[in-house]
Amino acid sequence: MYGFNGKILRVDLSKHEYTVVEPVADFYRKYLGGRNFGLYFLLKETEPGFEPLGPDNILVFSTGPATGAPLAGFSRHSVVAKSPLTGGFGEAEAGGFFAPELRFAGFDAIVIKGTSPNPVYLWIQDGKTEIRDASNIWGLKTKETQEAIREEAGDPLVRIALIGPAGENQVKYACIINELHYVNGRSGLGAVMGSKKLKAIAVRGHGKPQYKSPQKIRGFAKWFSENWKKNSSTVFRSKYGTAGSVLPLNQDGLLPTRNFIKGTFEYAEQISGEKIHDTILVNTHGCYACPIRCKLSVKAENPYETDPIYGGPEYETIGAFGSLCEVDNINAISYANQQCNAYGLDTISTGCCIAFAMECIEENILTTKETNGLNIRFGNADAMVKLVEMIAYRKGIGDLLAEGVRKAAEKIGKNAEQFAIHVKGKELPMHEPRGKPGVGVEYALSASGADHMQAAHDPAFKTSVEKVNPLGILEPVDRLSLGDEKVRLVKYLERWWLLLDILDVCKFTILPHGCGVFTINQIPEIINAATGWDTSLQELLLAADRSINMARLFNQREGLTEKEDTLPARFFKPLQTGPRKGSKIKENQLKKAVKKYYQISGWTPQGKPEKTTLHKLYLDEFIET
Ligand code: SF4
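Note that the coordinates shown come from a computational prediction; the quantities given were computed from them, not determined experimentally.

## Here we look at the sheet that holds strand β12 (residues 198-204)
Sheet architecture is open: 6 strands sit in the order β8-β7-β12-β9-β10-β11, paired in mixed fashion. Looking at the sheet topology across the chains shown, the edges are occupied by β8 (128-133) and β11 (182-184). The sheet shows a mean angle of 20° between the axes of neighbouring strands, direction not considered. Packed onto the sheet, helix α4 (residues 142-153) meets β7 (120-125), β8, β9 (159-162), β10 (176-178) and β12 and runs at close to 140° relative to β9.

## Things to note about the side chain of Lys199
Following the sequence through the fold, Lys199 ends up in strand β12. Side-chain polar atoms of Lys199 contact the backbone oxygen of Ile163, separated by 3.0 Å.

## Points about the packing of aromatic side chains
By the definition in use, this model includes 25 aromatic pairs. An angle of 80° between the planes, with centres 5.8 Å apart, marks the rings of Phe265 and Tyr267 as edge-to-face. Residues Tyr304 and Tyr335 carry aromatic rings whose centres are separated by 6.1 Å and whose planes lie at 45° to one another, so their mutual orientation is tilted. Pair noted here: Tyr304 is in the loop between β14 (295-298) and α11 (315-321) and Tyr335 is in helix α12 (residues 330-343), with a separation of 31 residues, a long-range link.

## Side note on the pairing of strand β6 (residues 109-113)
Burial analysis of β6 places 4 of its 5 residues in the buried class, the great majority of the element. As defined by bridge partners, strand β1 (residues 8-12) adjoins β6 across 5 bridges and the pair is classed as parallel. By the bridge assignment for β6, Val11 is matched with Ile112. With 4 bridges connecting them, strand β3 (residues 59-62) and β6 associate as antiparallel partners. The residue bridging Ser62 from the neighbouring strand is Ala109, located in β6.

## Examining the environment of Lys30
Within the element layout of this structure, Lys30 appears in helix α1 (residues 25-31). C-alpha of Lys30 to C-alpha of Arg546: the two residues are 516 residues apart in sequence and 8.9 Å apart in space. Look past the residues within four positions of Lys30 in its chain and what remains in contact with it is Ala543, Arg546, Tyr618, Leu619 and Glu621.

## A few points about the site of the ligand
Every residue lining the ligand is accounted for by Gly73, Gly286, Cys287, Cys290, Ile292, Arg293, Cys294, Lys295, Cys506, Phe508 and Thr509. Classifying every residue of the shell around the ligand by side-chain character gives 6 nonpolar, 3 polar and 2 charged.

## Focus on the environment of Thr234
Secondary-structure assignment places Thr234 in helix α8 (residues 232-240). A relative accessible area of 1% means that Thr234 is categorised as buried. Counting along the chain gives 321 residues from Thr234 to Asn555, while the straight-line C-alpha distance between them is 36 Å. Not counting residues within four places of it along the chain, the set of residues in contact with Thr234 comprises Trp228, Ile292, Cys515, Gly516 and Val517.

## A closer look at the environment of Trp497
Along the chain, Trp497 turns up in helix α18 (residues 484-502). According to the relative accessible area criterion, Trp497 is buried, its value standing at 7%. Trp497 sits 198 residues away from Lys299 along the chain, and the two C-alpha atoms are 34 Å apart. Those residues in contact with Trp497 that sit more than four places away from it in its chain are His452, Met453, Gln454, Ala455, His457, Lys507, Pro512 and His513.

Rules behind the numbers
Residues numbered from 1 in each chain as written. Predicted model: local features only at pLDDT ≥ 70, side-chain atom pairs only at ≥ 80, totals over all residues. Heavy atoms only, no water. Pairing = 2+ DSSP bridges. Helix = DSSP H or I, 4+ residues; strand = E, 2+ residues; numbered from the N terminus. Axes fitted to C-alpha atoms, helices over the stretch in contact; angles between N-to-C directions. Contact = heavy atoms within 4.5 Å. Polar contact = N/O pair within 3.5 Å; in protein donor to acceptor, adjacent residues only side chain to side chain. Phe/Tyr/Trp six-rings, centres within 6.5 Å; stacked < 30°, edge-to-face > 60°. Buried < 20%, exposed > 50% of the residue type's maximum accessible area, 1.4 Å probe, protein only. Near = heavy atom within 4 Å. Nonpolar A, V, L, I, M, F, W, Y, C, P; charged D, E, K, R; others polar.

Next up, the structure:
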């Protein structure tokens, strides 16, 4: 087999046993990798209604057909499980170095079930596996955990996906992190790892995946290195990271502010990528084999001193801890980012939960009696950073917020749900649907809850669609449209964006993302060079269709209904400030768009995949009889 290793590691933590399975070649070609591997095992090997934080949940780490090739962006891995935050399909992708190392160590994926009676970590080296005792590192923060495992191995190049105290404490949005700043952030998969008493997966490999045409792979790498600097957006991202998006979004009136009440933040310059660049930036770095190096490392000073080893805040983190909480101090935001990386928390959900608490305090739904005396007002940076720690350790009100905004609002009562900004229980990313209704449609429909990396970001398709013609997209669509033509655009782009998750490649390196370099048609060529297949864009996109339908089937099996395919009521009300003041999503239009999406997806009016749709996608084994 070329590209893949042809081996999946299966671990049963309850029995402390593991086996290596070698799926048939057709399995790889049909499902491709990434989230599809996870979905396959969830659907095949779990019973309806199982507990996400119990032994029956299956946690899958997986890679794509060309992961580990020396190409920019081919360095990601997916993690999939039933999400403790949503109760449905949970997924998160991360870059860094873990995925290539797993491939060098001989595996394409790891499938973990059961719960260990004692804390353990997995040690994987060149095809060999051990389940090692982790009692001495249980309770440690991420940096100390990484150091201890590397010291025990006597090897600083061991790559480790691990959890911090938040995962151990089963905070519902705990993350998994590698290299202390590449994060499988969303869906609470760190809590699933914690529930299994699995502190870390450490991998080291000295093998190299076999590619059908290494010469062609080298040719693509050369082409990328000669061309990426011709793209001004990519050069901008290389300098400012995703933090460079703060000012453009603020100018467009779409920087989520004050728990999504407003779309502009008057102190946006203070929290911008430019501000970071001019004050606390000490270095940039990047994932395996990527010359763009879009990740920042910052060193903020007292009282919010940070260690550059934890990286620096991404745009999403700045939005969540900055404008959303109306905190204008970039040092405090950087410190909150560091705490999340040290404790193992998703920065988006953590910031959203804090902004939710702030609004509850402002509206007198919570008082200082319930917040342990903490004055959690918008703009209070000290309270914000204190809350991050309280959430990680479930102290005081942190225990309530550790459940996510949906459950926290249910427990608080008093109409608090109006301030809980989530879809299917997952807190919203920092992209305002009232100026990007296509993003709103995708938020409403994404199987894993609101996800900005599966969505058509509307402004990019308002005047020209030349770059996405290969996907079959023929006409520009008005950015504020929520009509049938927008739903069609969302559908076509969703397939592409999900395919990139299935292949486990970085969307920042590939068109149509604003700073993409590889073209759409280069991707099947790369997959063919790696695997020796004769695949096509059409065949690859069918794997994305499988993904969408399998995720939908899983969610419906677990009790999610079409009622959850919607947005928080806040977005049906007008934005209060900025150039988009007065913009809103019309609820009836969103409902119509969701129905249209069902129809063009081959689903029933209740959003259930039709049998003919599943048959067309060769998913007959998942058709209910
Ligand atoms: S563009 Fe950034 S996130 Fe993507 S692979 Fe390169 S360094 Fe990693």
